[in-house]
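Summary of structural features
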Amino acid sequence: MTPETDTRTASPKVSIVIKTLNEGANIAAAIESALDALSGLQGEVIVADSGSDDGTVEIAARYPVTIVRMRNVLDRGCGAGAQLGYQVSRGEFVYLLDGDMTLCRPFLAPALAALEADQRLAGVGGLLRHRNLRTREFRLRAARRPQHLDAGVVDRLDGGGLFRRAAIEDVGYLADRNLHSFEELE
């Protein structure tokens, strides 16, 4: 892990971890949405890169974010990227964002309020909207709308979510590097 840019605040309330692998086409939008969502909050944005070779890191370096990279690309995987970012994060709450996603600015305030109001909650997720419908797989994902994506109590936060650091520490890790899909199911 190599920090390339470090603009951390003294004690962030929220850490937004953006996990990436060859997200050069999407990373600017992801970072800009994260920085916008943190407006008015003490927070940090961490780009956890799993060995991109398409300019992702160079684009990310243009922003006031912390960049960490895997030393060995053989270690990469969905769960490994999330864990890498979590390990350098310092926020009381951690939001996990994929490099091809954007975070809606209005999400963080009510999510933080819900977590602060109910200590039993480990995390809060938002509504996931699929905008990339170019491939058959993405169209199928959008059409499936599984029950755990509906509002209410769920057993996992797919594709992102705001987690209480204490809950992650209680488990011992954010994501298991050996999971090759459904890493958020942990």
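Whatever comes next refers back to the structure up there.
Report follows, based on the coordinates.

Analysis parameters
- Residues numbered from 1 in each chain as written.
- Predicted model: local features only at pLDDT ≥ 70, side-chain atom pairs only at ≥ 80, totals over all residues.
- Heavy atoms only, no water.
- Helix = DSSP H or I, 4+ residues; strand = E, 2+ residues; numbered from the N terminus.
- Buried < 20%, exposed > 50% of the residue type's maximum accessible area, 1.4 Å probe, protein only.
- Contact = heavy atoms within 4.5 Å.
- Areas by Shrake-Rupley, 256 points an atom, 1.4 Å probe, with all protein chains shown as cover.
- Arc of directions from axis to C-beta.
- Pairing = 2+ DSSP bridges.
- Axes fitted to C-alpha atoms, helices over the stretch in contact; angles between N-to-C directions.
- Core = buried A, V, L, I, M, F, W, Y, C linked by side-chain atoms within 4.5 Å.

With that out of the way, let us pick up the overall build of the chain. Secondary structure summary: the chain contains six helices and six strands in total. Across the 186 residues that make up the chain, the buried fraction comes to 43%. Restricting to contacts in the chain with at least 6 residues of sequence separation, those with at least 24 account for 75%. Within the structure as shown, the chain displays about 10000 Å² of accessible surface, and the carbon and sulfur contribution to it stands at 51%.

For the rest of this paragraph, the subject is the environment of Ile46. Assignment of secondary structure puts Ile46 in strand β2 (residues 43–49). As for Ile46 and Pro64, which are separated by 18 residues in sequence, their C-alpha atoms are 9.4 Å apart. Beyond its immediate stretch of four places on either side in the chain, Ile46 contacts Ile16, Val17, Ile18, Thr66, Val68, Gly85, Val88 and Ser89.

Next up on the list: helix α4 (residues 108–117). By the burial criterion, the buried members of α4 are Leu108, Ala111, Leu112 and Leu115. Considered in projection along α4, the buried side chains sweep an arc of 100 degrees and stay on one side of the axis. Projecting away from the buried face of α4 at angles above 90 degrees are the exposed residues Ala109 and Ala117. Its buried side turned inward, α4 meets β1 (14–20), α1 (27–37), β4 (93–98), β5 (123–124) and β6 (160–164).

Right, let's talk about the sheet that holds β5 for a bit. Across the sheet, six strands lie side by side as β3-β2-β1-β4-β6-β5; this open sheet has mixed pairing. Each edge of the sheet is formed by a strand with only one pairing partner; in this case those strands are β3 (66–69) and β5. As defined by bridge partners, β2 adjoins β3 across four bridges and the pair is classed as parallel. Note that in β3 the partner of Ala48 across the bridge is Val68. Those strands touched by α1 are β1, β2 and β4, and its axis lies near 175 degrees from that of β1. Here α4 sits on the sheet and contacts β1, β4, β5 and β6; the angle it forms with β6, its principal contact strand, is near 35 degrees.

For soluble globular proteins, nonpolar side chains are generally found buried alongside one another. Counting 29 residues, the largest nonpolar core has Ile16, Ile18, Leu108 and Leu162 as the members making the most contacts within it. When contributions to this core are tallied by element, the ones reaching two or more residues are β1, α1, β2, α2 (56–60), β4 and α4. Per element, the largest residue contribution to this core is five residues, and it comes from α1. Among the nonpolar cores identified, the runner-up in size contains 16 residues, and Val68, Ala82, Tyr86 and Val94 belong to it.

This brings us to α1. Listing the buried residues of α1 in full gives Ile27, Ala30, Ile31, Ser33, Ala34 and Ala37. The arc enclosing the buried residues of α1, seen along the axis, measures out at 160 degrees, which places them on a common side.

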